[in-house]
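Take a look at the letters that make up each chain.
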Amino acid sequence: MAANFLQRSRHDSVFYFRRRVPADLFDSLRKRQIYKSLNTSDRREAIIRARALAAQTDRIFASLRAMPKTNIRRIDYTLELRFDQSGLPQAVKIEAEPGEHEAAQKALETAVSGLAALRQPAASTQPPMSSAHALTLADGIEEYMGKADIKPTTRASYRTKLAYLVEQVGGATPLFDIDQLRFVKLAETITADNTRHDKTKGDYITIIGGFLNWHRIRGGLPQLTAATLKPKRAAPSTLDRDAFTRDQLRTVFLHVARYRASEPHKFWATVATAFLGCRIEELAQVNIGTDLKRDPDTGVWFFEFAETKDMDGVLRKSLKRHSSWRHAPIHSTLAQHGFIDYLTAQRDAGYSRPFEAGWKPHIDKTDGGGIKWSHKITKWGGDMLCELISSSSVPDAALTYFHSMRHSFANTLAAAGVSEEYRAALQGQAFGGMNSQTYAKLRQDHNTLSKALEPALAPYAALLG
């Protein structure tokens with residue numbers, strides 16, 4: 001393969017064609033290797049040029065082997081390959097001693113017999129400039145946002161990252177002028193910005209890289225590398241966010257108990273999220289008319305977390321991953337303390353979502369951004385956490401009001417001996433290989449999951465009591 005003959009200069013990044021001369025032709029060619037600059041630092045272009053040189057050297061080797069060995073031994077000549085500025089073979093010159101011109105001329109004619117034909121296909125391997133290759137960055141973004149499969153709830157985030165790209169390089173910049181070297185420099189600029197968290201920097205690099213590669217794949221260009229450009233972790237992921245201790249969780253429950261009668265949505269948003277171990281958006285967006293269910297045989301209540309449409313045919317839900325689709329059993333303690341009664345009362349009052357009476361959804365009217373049911377809920381949760389910290393009820397640590405409950409849930413189940421596969425199914429996380437993800441239907445088996453959940457959350461039941 002042509003790539004086997006490539007060698008990159010350590011000094012100027014230019015590719016060279018390097019091919020060893022077969023041992024039986026050392027004497028004929030008077031050299032051990034053929035080594036020529038390809039005059040490009042683009043690997044894709046270098047492979048194209050190397051392929052042409054590989055074919056030409058194959059012709060030369062074949063022509064020399066085809067000559068009678070007696071002629072090869074008695075010919076004293078040197079062979080010189082010359083290339084044009086694009087790195088393609090331009091001429092073959094043989095200098096021979098007097099009396100040996102005839103044999104040398106035959107070798108020359110054989111070696112260059114396909115030169116004209118060779119150069120034409122090599123030149124045609126470069127595709128003509130298409131309308132896709134002429135795209136500006138601004139046009140490329142509009143096409144990407146219109147055609148790429150991006151979840152409605154994340155479109156605003158994508159817009160922010162791509163607007164930053166325009167700010168850095170200019171919207172009129174030809175899209176494919178942003179090559180690997182330019183992308184590396186952009187990533188270094190992002191990484192050097194101390195106003196952003198490392199995870200946020202990684203998101204910028206990932207989203208911008210994904211956008212560029214989406215176009216490069218469709219333009220027949222090699223993809224850019226993004227993974228190695230993101231900031232390296234300075235600490236394990238387990239330290240990214242703290243979990244509530246049991247005492248802190250009791251404090252949180254007591255703190256919101258004052259809302260139970262007057263503003264029950266605040267109480268149940270807190271307590272139910274802790275017991276379910278779900279993301280707040282998952283709970284806030286369930287349709288209580290269709291997604292709240294009870295098993296007719298066991299009596300187990302559960303939520304069906306899935307991206308299903310409402311009764312009017314409109315999709316108003318979004319889950320983070322396919323592994324998030326699941327049946328989430330509702331602990332019996334929640335039912336005993338009135339959670340099911342609260343939900344049915346909301347449904348009977350004409351609301352479709354659990355907390356819609358207290359928090360209206362955020363509707364992003366730009367760019368088809370969709371509905372975010374938890375947008376205002378998480379802001380309220382942040383205020384609650386600030387109250388708890390200011391009153392010294394909980395430490396000023398790496399805590400978040402809702403997501404830290406998800407960490408606490410996982411820790412509690414693990415301490416109770418619940419297997420990782422069950423914990424992953426309950427929290428909507430990927431686990432195992434094909435058997436777990438495709439064949440085992442544990443995520444939809446609310447009865448089995450409920451049997452693991454009920455005893456494991458006994459400490460939570462005691463807190464709520």
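Up top you'll find the structure we're talking about.
Residues numbered from 1 in each chain as written. Predicted model: local features only at pLDDT ≥ 70, side-chain atom pairs only at ≥ 80, totals over all residues. Heavy atoms only, no water.

**A closer look at the sheet that holds strand β3 (residues 33–37)**
Note the cut-off: Two strands qualify as a pair provided that DSSP identifies no fewer than 2 bridges between them. Segments assigned H or I by DSSP are reported as helices when at least four residues long, segments assigned E as strands when at least two residues long, and all are numbered from the N terminus. Angles run from 0 to 180 degrees between N-to-C directions of axes, and those axes are lines fitted to C-alpha atoms, restricted for helices to the stretch in contact. Here, residues are in contact when the closest pair of their heavy atoms is within 4.5 Å.
Strand order in the open sheet formed by 3 strands is β1-β2-β3, with antiparallel pairing between adjacent strands. The strands lining the two open edges of the sheet, one partner per strand, are β1 (6–8) and β3. For this sheet, the mean angle separating the axes of adjacent strands, direction not counted, is 30 degrees. Two strands pair when backbone bridges link them, and β1 and strand β2 (residues 15–20) are joined in this way by 3 bridges, in the antiparallel orientation. When the bridges of β2 are listed, Gln-7 appears paired with Tyr-16. Of the strands in this sheet, β1, β2 and β3 touch helix α2 (residues 43–66), which is tilted by about 25 degrees from β2.

**So, the packing of helix α8 (residues 180–191) against helix α9 (residues 198–218)**
In plain terms, the rule: For this classification, under 35 degrees means roughly parallel, over 145 means roughly antiparallel, 65 to 115 means roughly perpendicular, and everything else is oblique. Crossing chirality is assigned from the near helix's rotation relative to the far helix, an anticlockwise turn below a right angle marking it left-handed and a clockwise turn marking it right-handed.
At a closest axis distance of 9 Å, the pairing of α8 and α9 adopts a crossing angle of 160 degrees. Classified by the interaxial angle, the pair formed by α8 and α9 is roughly antiparallel. The interaxial crossing formed by α8 with α9 has right-handed handedness. Contacts between α8 and α9 involve Phe-183, Leu-186, Ala-187, Ile-190 and Thr-191 from the former and Lys-201, Tyr-204, Ile-205, Ile-208, Gly-209 and Leu-212 from the latter.

**Observations concerning the pairing of strand β7 (residues 301–305)**
Across 3 bridges, the pairing between strand β6 (residues 292–294) and β7 is antiparallel. If you follow Leu-292 over to β7, its bridge partner there is Phe-303. Hairpin connection from β6 to β7: 6 residues lie between these consecutive antiparallel strands, with Gly-299 at a positive phi of about 80 degrees. Relative to strand β8 (residues 326–329), β7 is paired through 4 bridges, and the arrangement is antiparallel. Paired with Phe-303 across the two strands is Ala-328, which belongs to β8.

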